Amino acid sequence: MRIVVYFYLFISVLYADSYKQELEESLKHNEKIKQLEYQIKALEAKSKAQAKWDNPNINLSYSNAEVMQPFNINANDMQNIGIGISQKFDINGKKALDSNITKLEAQIKIFELKNLKNQYALSLIQSLVEANKNKSSLKLMQDSINNVNTLISSLRGSNNFNLLQIQKLNLLKARLEIKKNELENKLENSHITASEISFENFSHDSFKDSKLGYDINILQDKQFLDDIMKNNYEIAIANLQQTIGLKTLNVAQKNAIPDLEVSFSYMLRIDKNDMFSVGMSMPIPTWGKELAQIKEAKYNKLLQESQALEVQNKIKHSAKTLISKIKTLQDNLAVIDSILLPANKKIIELYKHHSVSQSNAFSELYAALNEQIDTEILRLQTISDIAITYYTLRSLRGEI
């Protein structure tokens, strides 16, 4: 039997297209996202440039001019005015390979951008979950304070008025007031976090009072873990870096055969036959630089392979840890709902009517009131932890 968990939080509206669009619009104002978008555009342009040949060189020359009469262009047989052009030729496809490597670097930046947006979306979800939890806790605090006030009034009006009991209740009320103030501060911080991510362009009010539903049972499916390993952005980046390592090694090996430069010149002469020259040049791999570069590329390739395996191992075990955590949280929530809260309520009901006349009954009631408040807060925290853990797992699988 499949169990689907539902509770009221803000974030379910992320599944509605309109809210997804609003979230995208909010993140467009984030400067880190803009920076990555600029880097992607720059790398795409760089890749196109790398695929092009080097521009040809053109040169003009005036040769064998005599010192005493430099402007006499017929002073000797070797005097000439020359025009030449030279061009480097990529004879083994290094430019295409360099261009391909840069394309892969651009793809890495695209995955980094997707991962960044995913992490920002997760952070917004976390801030929304925290905000809702703190709002619910604030209501709980206020209700508890009201209940304590009612109990104090009841004690003051009783024949067995006990000043010590009232002082204890005042202490409980003071602690509740302190917790309330702390929760108000946390609530404000969750709003600040969302505002920082979106550069003040994200509104919590757009995500109010929506019912979030999620199916925990999908976490028990082996396919869920397989999907994480296939679609995780960090793994995709590591795999691309591994491919770049291999292609960089290929470039280093191709550099052992340098580019060939071909030149052609035409020389104009006065009263004599014109001349032309053809030349070729190529660097001589003499000092072993290319072999050292190949060795460096080999070790970098091994490094990228090792890092890819490390990332895969980290993501896999992070996912397993989160799946184990969410199962534990579910068990804890079941215990809270089935045992702790009902027991607290029964204790409060049993001792509430005897707390005025019996000191031991008041002590039990006082303890039960404290425990109920702590248990209610624990329940809210557990529900929030389940939601955050669930969406953290989804973020590992790719887009939330």
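Residues numbered from 1 in each chain as written. Predicted model: local features only at pLDDT ≥ 70, side-chain atom pairs only at ≥ 80, totals over all residues. Heavy atoms only, no water.

**Student:** Can you help me understand the overall build of the protein chain in this one?
**Tutor:** Secondary structure summary: the protein chain contains eight helices and six strands in total. Reading the helices (α) and strands (β) of the protein chain from amino to carboxyl end gives β-α-α-β-β-α-α-β-α-α-β-β-α-α. Looking at the protein chain as a whole, 36% of its 400 residues are labelled buried. Excluding contacts between residues fewer than 6 apart, the proportion of contacts in the protein chain whose partners are at least 24 apart in sequence is 81%. Entry remark: accessible area of the protein chain is about 23,300 Å², with carbon and sulfur atoms responsible for 54%. (Helix = DSSP H or I, 4+ residues; strand = E, 2+ residues; numbered from the N terminus. Buried < 20%, exposed > 50% of the residue type's maximum accessible area, 1.4 Å probe, protein only. Contact = heavy atoms within 4.5 Å. Areas by Shrake-Rupley, 256 points an atom, 1.4 Å probe, with all protein chains shown as cover.)

**Student:** What is the right way to look at helix α5 (residues 222–231) in this model?
**Tutor:** In an α-helix there are 3.6 residues to a turn, and that puts residues three or four apart on one side. Residues of α5 that are buried: Phe 224, Leu 225 and Ile 228. Around the axis of α5, the buried residues are gathered within 95° of arc, so they sit on the same side. The outward face of α5, more than 90 degrees from its buried face, is lined by the exposed residues Lys 222 and Lys 230. (Arc of directions from axis to C-beta.)

**Student:** Sorry if this is basic, but what is going on with the nonpolar core here?
**Tutor:** One broad rule of soluble globular proteins: the nonpolar side chains tend to lie buried together. Met 141, Val 148, Leu 172 and Leu 176 are the most contacted members of the largest nonpolar core, which totals 16 residues. Secondary-structure elements contributing two or more residues to this core are α3 (94–156), α4 (163–198) and α8 (359–396). At seven residues, α3 tops the list of elements feeding residues into this core. For Met 141, the residues in contact, after removing those within four places along its chain, are Leu 176, Lys 179, Lys 180, Leu 183, Ile 373 and Ile 377. Counting residues in each nonpolar core, the second largest holds 14 residues, with Leu 122, Ile 326, Leu 333 and Tyr 390 among its members. (Core = buried A, V, L, I, M, F, W, Y, C linked by side-chain atoms within 4.5 Å.)

**Student:** Help me understand the environment of Asn 185 in this model?
**Tutor:** The topology assignment puts Asn 185 in helix α4. Between the alpha carbons of Asn 185 and Asn 134 there is a distance of 9.4 Å; along the sequence they are 51 residues apart.

**Student:** In this structure, what is going on with the pairing of strand β5 (residues 260–268)? I would like to understand it.
**Tutor:** Both faces of the sheet carry side chains from a regular strand, because those side chains alternate between them. The pairing of strand β3 (residues 80–89) with β5 spans nine bridges and is antiparallel. Note that in β5 the partner of Lys 88 across the bridge is Glu 261. In terms of strand pairing, β5 meets strand β6 (residues 275–281) through seven bridges, oriented antiparallel. Looking at the pairing, Met 267 lines up with Met 275 of β6. What sits between the antiparallel neighbours β5 and β6 is a turn of six residues, in which Asp 271 has the positive phi angle 60°. (Pairing = 2+ DSSP bridges.)

**Student:** In this structure, what is going on with the pattern of salt bridges? I would like to understand it.
**Tutor:** Per the stated rule, a full pass over the model turns up ten salt bridges. Across the pair Lys 95 and Asp 54 runs a salt bridge, and its minimum N-O distance is 3.3 Å. Remark: Asp 54 occurs in the loop between α2 (31–51) and β2 (57–63) and Lys 95 occurs in helix α3; sequence separation between them is 41 residues. Between Lys 301 and Glu 305 there is a salt bridge; the shortest N-O distance is 2.8 Å. Of the two residues, Lys 301 and Glu 305 both sit in helix α7 (residues 289–352), four residues apart, roughly one turn of that helix. Judged by its relative accessible area of 24%, Glu 305 falls in the partly exposed class. In the salt-bridge network here, residues are joined through shared partners; they are Asp 90, Lys 94 and Asp 259. (Salt bridge = Lys/Arg side-chain N within 4 Å of Asp/Glu carboxyl O.)

**Student:** I'm lost on the side chain of Asp 90 in this one. Help?
**Tutor:** The residue Asp 90 is located in the loop between β3 and α3 in this model. A distance of 2.9 Å separates a polar atom in the side chain of Asp 90 from the backbone nitrogen of Lys 94. Sequence-distant contacts of Asp 90, defined by excluding residues within four places in its chain, comprise Trp 53, Lys 95, Ala 96 and Asp 259. (Polar contact = N/O pair within 3.5 Å; in protein donor to acceptor, adjacent residues only side chain to side chain.)

**Student:** How should I be thinking about the confidence of the model for the protein chain in this particular structure?
**Tutor:** For residues with low pLDDT, the predicted coordinates do not support detailed interpretation. Summing up the model confidence of the protein chain, the mean pLDDT is 81 and the portion of residues at 70 or higher is 79%. Model confidence for the protein chain, summarised as mean pLDDT per element, is weakest for strand β1 (residues 5–8) at 39 and strongest for helix α6 (residues 233–254) at 96. Predicted confidence for residues 1–19 stays below pLDDT 50, and this span has 59 contacts to residues more than four positions away or in other chains. Low pLDDT, under 50, characterises residues 206–213; the predicted model gives this stretch 31 contacts beyond four residues in sequence or across chains. (pLDDT = per-residue confidence, 0-100.)

**Student:** Would you mind going over the environment of Ile 228 with me for this structure?
**Tutor:** By the element assignment, Ile 228 lies in helix α5. Linking Ile 228 and Arg 394, residues 166 residues apart in sequence, is a C-alpha distance of 8.2 Å. Once residues within four sequence positions are removed from consideration, Ile 228 is found in contact with Ile 235, Ile 315, Ala 319, Leu 393, Leu 396 and Arg 397.

**Student:** What's the story with α2 in this structure? I'm lost.
**Tutor:** Look at α2: 31 Å from first C-alpha to last across 21 residues, which is about the 30 Å you get at 1.5 Å a residue. Within α2, the full set of buried residues consists of Ile 33, Leu 36, Ile 40, Leu 43 and Ser 47. The buried residues of α2 all sit within an arc of 80° when viewed along its axis, so they share a single face. In α2, the exposed residues that point more than 90 degrees away from the buried face are Tyr 38, Lys 41, Lys 48 and Ala 49. At the N-terminal end of α2, a side-chain oxygen is found 2.9 Å from the backbone nitrogen of Lys 32, two or three residues along, and the residue is Asn 30. (Expected span 1.5 Å × (residues − 1).)

**Student:** Is there a simple way to explain the sheet that holds β6 in this structure?
**Tutor:** Each strand in a sheet pairs with another by means of backbone hydrogen bonds, the pair being arranged parallel or else antiparallel. The sheet built from four strands is open, its strands ordered β2-β3-β5-β6 with antiparallel pairing. Looking along the sheet, the strands with just one partner apiece sit at the ends: β2 and β6. Neighbour to neighbour, the strand axes of the sheet diverge by 20° on average, direction disregarded. (Axes fitted to C-alpha atoms, helices over the stretch in contact; angles between N-to-C directions.)

**Student:** Can you walk me through the side chain of Thr 392 in this structure?
**Tutor:** Along the chain, Thr 392 turns up in helix α8. Look at Thr 392 and you get buried, because its relative accessible area is 18%.

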